[in-house]
Amino acid sequence: MFHSIVFLFTAMIAVVSFPLAIASERHPNVVLVITDDQGYGDIAAHGNKVIKTPNLDRLHDESVRFTQFHVDPTCAPTRSALLTGRYSTRVGVWHTILGRSILRKNEVLLPQFFADAGYKTGMFGKWHLGDNYPYRPHDRGFQEAFYHLGGGVSQSPDYWGNNYFDDTYYRNGVPEKTTGYCTDVWFDNAIDFVKRHKNVPFFLYVATNAPHVPLNIDEKYWKPYAEKGLAEPLARFYGMIANIDENLARFDKTLEELGLAENTIFIFMTDNGSAGNGFNAGMRGRKGTPYDGGHRVPFFIRWRNGNFGKPRDIETLTAHIDLVPTLIDVCQLQKPENVVFDGVSLLPLLHSDKQPDNRFDRAIGIEVNRDGIPQPWVRSAFLTQRWRLVNGVELYDMESDPGQNNDLAAQQPEIVTELRKRYMKRWSDVIQGAREWSRIPVGSPVTNSVRLSVHDWNGTGVPAYLDRVTDFVGNGRWAVDVERAGKYRFRLRHFPEESGLPLHATHAALIVNEHRWEKQIELTGSQKSVAEVIFDVDLQAGSAWVETELDDKTHGIYRGAFYVYIELLNELSDTK
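This structure is a prediction, so every number in the text was calculated from the model and none was measured.

**Brief notes about the pattern of salt bridges**
Turning to step 1, where the next piece is worked out: Inspection of the entire model under this criterion finds 37 salt bridges.
Turning to step 2, where the next piece is worked out: For D37, the salt bridge is made with K287, and the minimal N-O distance between the two is 3.0 Å. Of this pair, D37 sits in the loop between β1 (29-35) and α3 (54-62) while K287 sits in the loop between β9 (264-270) and α9 (292-295), and the two are 250 residues apart along the sequence.
Turning to step 3, where the next piece is worked out: Notably, a salt bridge pairs E62 with R302, separated by 2.9 Å at the nearest N-O pair. Here E62, found in helix α3, pairs with R302, found in strand β11 (residues 299-302); they are 240 residues apart in sequence, far enough to count as distant.
Turning to step 4, where the next piece is worked out: Residue classification places E62 among the partly exposed residues on the basis of a relative accessible area of 26%.
Turning to step 5, where the next piece is worked out: When salt bridges with common partners are traced through the structure, they connect R58, E62, D252, E256, R302 and R304 into a single cluster.

**Here's the deal with the pairing of β9**
Turning to step 1, where the next piece is worked out: β9 sits mainly inside the fold: seven of its seven residues count as buried.
Turning to step 2, where the next piece is worked out: Covered by surrounding structure in β9 are T264, F266, F268 and T270 together with I265, I267 and M269, the residues of both alternating faces.
Turning to step 3, where the next piece is worked out: The sheet contact formed by β9 and β11 spans four bridges and is antiparallel. In the sheet register, I267 faces β11, and the bridge partner there is I301.

**Structural notes on the sheet that holds strand β16 (residues 387-390)**
Turning to step 1, where the next piece is worked out: Strand order in the open sheet made by the four strands is β14-β15-β16-β17, with antiparallel pairing throughout. Where the open sheet ends on each side, the last strands, each with one partner, are β14 (364-367) and β17 (394-397). Strand-to-strand twist of the sheet, defined as the mean angle between neighbouring strand axes without regard to direction, takes the value 15°.
Turning to step 2, where the next piece is worked out: Pairing of strand β15 (residues 380-383) with β16, which is carried by three bridges, proceeds in the antiparallel orientation. Bridging across to β16, F382 finds its partner in L389.

**A word on helix α6 (residues 182-196)**
Turning to step 1, where the next piece is worked out: In this model, α6 (15 residues) spans 21 Å end to end at C-alpha, consistent with the 21 Å of a helix rising 1.5 Å per residue.
Turning to step 2, where the next piece is worked out: Those residues of α6 that sit buried are C182, T183, V185, W186, F187, N189, A190, I191, F193 and V194.

**Brief notes about the side chain of S88**
Turning to step 1, where the next piece is worked out: Checked against the element boundaries, S88 lands in the loop between α4 (75-84) and α5 (110-116).
Turning to step 2, where the next piece is worked out: The exposure class of S88 is buried, given its relative accessible area of 5%.
Turning to step 3, where the next piece is worked out: A distance of 3.2 Å separates a polar atom in the side chain of S88 from a polar atom in the side chain of D72.
Turning to step 4, where the next piece is worked out: Residue contacts for S88: discarding those within four places in its chain leaves D72, P77, S80, A81 and V93.

**Some points on the nonpolar core**
Turning to step 1, where the next piece is worked out: Of all hydrophobic cores here, the largest spans 53 residues; its most connected members are F66, L110, F114, F203, Y205, I265 and I301.
Turning to step 2, where the next piece is worked out: Per-element tally for this core: the top contributor is helix α10 (residues 323-331), with six residues.
Turning to step 3, where the next piece is worked out: What F203 contacts, discounting residues up to four positions off in sequence, is V30, L32, L110, P111, F114, Y119, K120, T121, G122, F142 and F193.
Turning to step 4, where the next piece is worked out: Counting 46 residues, the second largest nonpolar core, distinct from the first, contains L59, Y169, M240 and A242.

**So, the packing of aromatic side chains**
Turning to step 1, where the next piece is worked out: One pass over the full model with this rule turns up 32 aromatic pairs.
Turning to step 2, where the next piece is worked out: With centroids separated by 6.3 Å and ring planes inclined at 70°, the aromatic side chains of F187 and F251 adopt a geometry described as edge-to-face. Here F187 is found in helix α6, whereas its partner F251 is found in helix α8 (residues 232-257), with 64 residues between them in sequence. One exposure class covers both F187 and F251, and it is buried.
Turning to step 3, where the next piece is worked out: By way of ring pairs, the aromatic residues F114, Y119, W127, F142, F203 and Y205 are connected into one cluster.
Turning to step 4, where the next piece is worked out: When the ring centre of F146 is taken as reference, the NZ or CZ atom of R171 above it lies at 4.0 Å.
Turning to step 5, where the next piece is worked out: Here R420 stacks its cationic end above the ring of W377, 4.2 Å away from the centre of that ring.

**With respect to the pairing of β14**
Turning to step 1, where the next piece is worked out: Residue alternation in β14 divides its side chains into two sets, I364 and I366 and G365 and E367, and both sets are buried.
Turning to step 2, where the next piece is worked out: Of the strand pairs in this sheet, β14 and β15 are connected by four bridges, and their pairing is antiparallel. Counterpart to G365 in the pairing with β15 is F382.

**Thoughts on the side chain of H212**
Turning to step 1, where the next piece is worked out: With respect to the element layout, H212 can be found in the loop between β8 (202-207) and α7 (219-226).
Turning to step 2, where the next piece is worked out: Judged by its relative accessible area of 7%, H212 is buried.
Turning to step 3, where the next piece is worked out: Setting aside chain neighbours within four positions, we find H212 in contact with D36, D37, C75, K126, Q155, Y164, M240, K287 and Y465.

**Notes on the environment of G85**
Turning to step 1, where the next piece is worked out: Examined against the element boundaries, G85 turns out to sit in the loop between α4 and α5.
Turning to step 2, where the next piece is worked out: Overall, G85 belongs to the buried group, its relative accessible area being 0%.
Turning to step 3, where the next piece is worked out: With 487 residues separating them along the chain, G85 and L572 place their C-alpha atoms 41 Å apart.
Turning to step 4, where the next piece is worked out: In contact with G85, not counting residues within four places along its chain, are I321, V324, P325, F341, D342 and G343.

**Topic: the confidence of the model for the protein**
Note: predicted coordinates in regions of low pLDDT should not be interpreted at a detailed level.
Turning to step 1, where the next piece is worked out: Per-residue confidence for the protein gives a mean pLDDT of 93; residues scoring 70 or more make up 94%.
Turning to step 2, where the next piece is worked out: In the model of the protein, helix α1 (residues 2-17) stands out as the element of lowest mean pLDDT, 37, in contrast to β8, which has the highest, 99.
Turning to step 3, where the next piece is worked out: Scored below 50 in pLDDT, residues 1-24 shows 20 contacts in the model against residues more than four places distant or in partner chains.

**Observations regarding the sheet that holds strand β2 (residues 64-66)**
Backbone hydrogen bonds are what pair the strands of a sheet, in a parallel or an antiparallel way.
Turning to step 1, where the next piece is worked out: Strand order across the open sheet formed by ten strands is β7-β6-β5-β4-β8-β1-β9-β11-β2-β12, with mixed pairing between neighbours. Among the strands making up the open sheet, the edge pair consists of β7 (174-177) and β12 (312-314). In this sheet, adjacent strand axes meet at a mean angle of 15° when their direction is disregarded.
Turning to step 2, where the next piece is worked out: Inspection of the sheet shows strand β4 (residues 120-125) paired to β8 by six bridges, in the parallel sense. Note that in β8 the partner of G122 across the bridge is L204.
Turning to step 3, where the next piece is worked out: Packed on one face of the sheet, α4 meets β1, β8 and β9 and runs near 165° to β1.

**Points about the packing of α3 against α8**
Turning to step 1, where the next piece is worked out: Packing of α3 against α8 leaves a shortest axis separation of 7 Å and a crossing angle of 55°. By the angle between their axes, α3 is oblique relative to α8. Contact residues: P54, N55, L56 and R58 in α3; D245, E246, L248, A249, D252 and E256 in α8.
Turning to step 2, where the next piece is worked out: Grouping the amino acids of the contact of α3 with α8 by side-chain chemistry returns four nonpolar, one polar and five charged.

**Details of α7**
Turning to step 1, where the next piece is worked out: Listing the buried residues of α7 in full gives Y221, W222 and Y225. Here the buried residues of α7 occupy an arc of 75° about the axis, which is enough to place them on one side.
Turning to step 2, where the next piece is worked out: Residues of α7 that are buried in the fold lie against α8.
Turning to step 3, where the next piece is worked out: Two or three places before K220, at the opening of α7, D218 has a side-chain oxygen 2.9 Å from that residue's backbone nitrogen.

Cut-offs used in this document
- What you see as residue numbers is a count from 1 along each chain, following the sequence as written.
- Side-chain atom pairs in this predicted model are given and counted only at pLDDT of 80 or more, local residue features only at pLDDT of at least 70, and totals for whole chains, interfaces and linings cover all residues.
- With hydrogens and water set aside, each side-chain value is computed from the structure's full complement of heavy atoms.
- Any carboxyl oxygen of Asp or Glu within 4 Å of a side-chain nitrogen of Lys or Arg constitutes a salt bridge here.
- Secondary structure follows DSSP: runs of H or I at least 4 residues long count as helices, runs of E at least 2 residues long count as strands, and numbering of each begins at the N terminus.
- Each residue's exposure class comes from its accessible area (1.4 Å probe, protein chains only) as a fraction of the maximum for that residue type: buried when under 20%, exposed when over 50%, partly exposed otherwise.
- Only strands joined by at least two bridges in the DSSP assignment are considered to pair.
- Every axis in this analysis is a line fitted to C-alpha atoms, fitted for helices over the stretch in contact. Angles between the N-to-C directions lie between 0 and 180 degrees.
- A helix is expected to reach a length of 1.5 Å times the quantity of its residues less one.
- Here a polar contact means two N or O atoms within 3.5 Å. Within protein one must be a hydrogen donor candidate and the other an acceptor candidate, and residues neighboring in sequence count only if both atoms are side-chain atoms.
- Whether two residues touch is decided by their heavy atoms; if any such pair falls within 4.5 Å, the residues are in contact.
- What makes a nonpolar core is a set of buried Ala, Val, Leu, Ile, Met, Phe, Trp, Tyr and Cys residues whose side-chain atoms join them at distances within 4.5 Å.
- Pairing of aromatic rings covers Phe, Tyr and Trp, the last through its six-membered ring, and needs centres within 6.5 Å; plane angles under 30 degrees mean stacked, over 60 mean edge-to-face, and all others mean tilted.
- Geometrically, a charge over a ring is one whose NZ (Lys) or CZ (Arg) sits within 6 Å of the ring centre while staying within 35 degrees of the ring normal.
- What pLDDT expresses is the predictor's confidence in each residue, scored from 0 to 100.
- Should an angle lie under 35 degrees it is considered roughly parallel, over 145 roughly antiparallel, and from 65 to 115 roughly perpendicular; all remaining angles are considered oblique.
- Residue type decides the class: Asp, Glu, Lys and Arg count as charged, Ala, Val, Leu, Ile, Met, Phe, Trp, Tyr, Cys and Pro as nonpolar, and the leftover types, Gly among them, as polar.
- The arc refers to the directions leading from the helix axis to the C-beta atoms.

Shown next as structure tokens:
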């Protein structure tokens, strides 16, 4: 009897502690929409007098708005922190290329928390956290995933010929031809996902690649801005946002028609500061910079059933690392004991207009490290509610100088010293493990066929887009993990397999750790060209570095193979 009373009392406490998710008959649906390179000022509701975003404006008016919400100043780092609740440097993602955009496989992601709680999980659009197993979205908790490769449509890892229209994307790893404009395709799939799972709780992540370059969009969206006198690049940028706005309305209408709008938590945000050259809400800096214009972004969260109170602005300093712990609290998800978040739950703020406790009296670190091994102070910002320490040497008072025009470091040396100490304490913690690599498995029983792309090599640079692959000259090496000893086939190519384009080289080499194999490339019979060079080699299990050489003596060009296809032919029984 005593145990029954204790159990009942404990259950009552649990109900009191978590009123939100129990207020309805089922757990709330969660929709997270994140756009690429759209900044805080690229929304009419934020004071932009040129852009037209009626549906974003409506969402703004219906939401709780965190007006001091910060992310990393570039794509992949923001996404890694957003989906783990941990700093991007801690989880191994501080760059967008060169093998440093691959999220470490031991990290637990937000979709996994939802899946473990019985939610249906889906993502559509930009992933940018790894293109190979076990780093793909459908390896990380998303039961359904439809996405492009690399950091953007038509970037070097992506399907050959993609240009935002009628592209080929990957559904749970399998290429699939589409019809229509990329943003429309992502929302078409999102709407279909919602219709199929309307009777169960779902977590949906829609990550548009727009308005990231290339600025490809139907002229009906950008011409009206050009006619207002905007330069074509900004007109196209705004046109891409207009298309996103249109799709948001279409998606919202679907929620309403299905009766899901009341019990769906809808979140809108962007991944970094603006890449456009328009209105910037009075902030200094844009994408890629450590000033607020590089990392302060919109964050709207709406739950129409009233559990978050009235729409309002919350000015407390918050960040991407706060999303996971917040949704765990709101949706009553189970948090593994071995996961330590860098962020905090925003639920107390959603319940009150005032800062409820000292958990928000904190500093948040932001970096734009784009090196093999990250270094402290490099394009960095250390944020408190009042102060910004930039690059470790500039100090700005955001209460009196939100535009960051007046450096107070010389006048306030004691504040600089204190913030530098706090920054270095944090840095020494998050930098642990920075020399580790997210190695790509080779010979895995899960997926025997692997494609390495130039996007992920660690080297002298990459051809950012497919149209630069032809003329780019450079080399690098890939960090891999050979899971099984055996005979492997390596196919070295200048262009991806689906392109059908020939290889331009007279000599090729494959290097795996200290082993090197070479071949002269000779045409036989009626051959006018070859598309690839094949090496069949024996490898032992373990960590390895893979490097290639393609030497075009005819034209005096030396570079690496930009695409390497690897498969295990035969497993060796004797590994000695």
